[in-house]
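Letter by letter, the chains look like this.
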Amino acid sequence: GILWRLGNSILDLSQGNVILLLILTMLICIPLGMAVSALATYLLVVPIVIIAFQALGVNDLSTHFIVFYASSLAPITPPIVRRKASLMSKFFSFR
């Protein structure tokens, strides 16, 4: 189905490199974590990336820990982003 295709496309983007696959997993989790809760991010991302990690021979439990870590870090970013955006708007005028 669609999860298998998304997992294979992520695997193709990583070119068989585990470190690049970890970075891609973070890049999926962080914007998604800004919109939904950490649990929802975890539940949405795991079925997609576990296919790619299994293809590279990574243990399933390790994959779950990686996605859990990335999805628990994602909700931390919005307050920082909002604060920086408000500071930037004070110093720069985009008109």
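Procedures and definitions
- Residues numbered from 1 in each chain as written.
- Predicted model: local features only at pLDDT ≥ 70, side-chain atom pairs only at ≥ 80, totals over all residues.
- Heavy atoms only, no water.
- Helix = DSSP H or I, 4+ residues; strand = E, 2+ residues; numbered from the N terminus.
- Contact = heavy atoms within 4.5 Å.
- Areas by Shrake-Rupley, 256 points an atom, 1.4 Å probe, with all protein chains shown as cover.

### Describing the overall build of the protein chain
Here's step 1: Of regular secondary structure, the protein chain possesses 5 helices and 0 strands.
Here's step 2: In sequence order, the secondary structure elements of the protein chain are arranged as α-α-α-α-α.
Here's step 3: Looking at the protein chain alone, contacts between residues at least 24 apart form 63% of all its contacts between residues at least 6 apart.
Here's step 4: Surface exposure of the protein chain reaches about 6,300 Å², of which carbon and sulfur atoms provide 71%.

### Comments concerning unusual backbone geometry
Here's step 1: Residues other than glycine seldom take positive phi values, yet Gln15 does so here, at roughly 55°.
Here's step 2: Secondary-structure assignment places Gln15 in the loop between helix H1 (2-14) and helix H2 (18-35).

### Digging into the side chain of Thr63
Here's step 1: As for its position among the elements, Thr63 is in helix H4 (residues 60-73).
Here's step 2: Apart from residues no more than four positions distant in its own chain, Thr63 is found in contact with Ile50, Phe53 and Val58.

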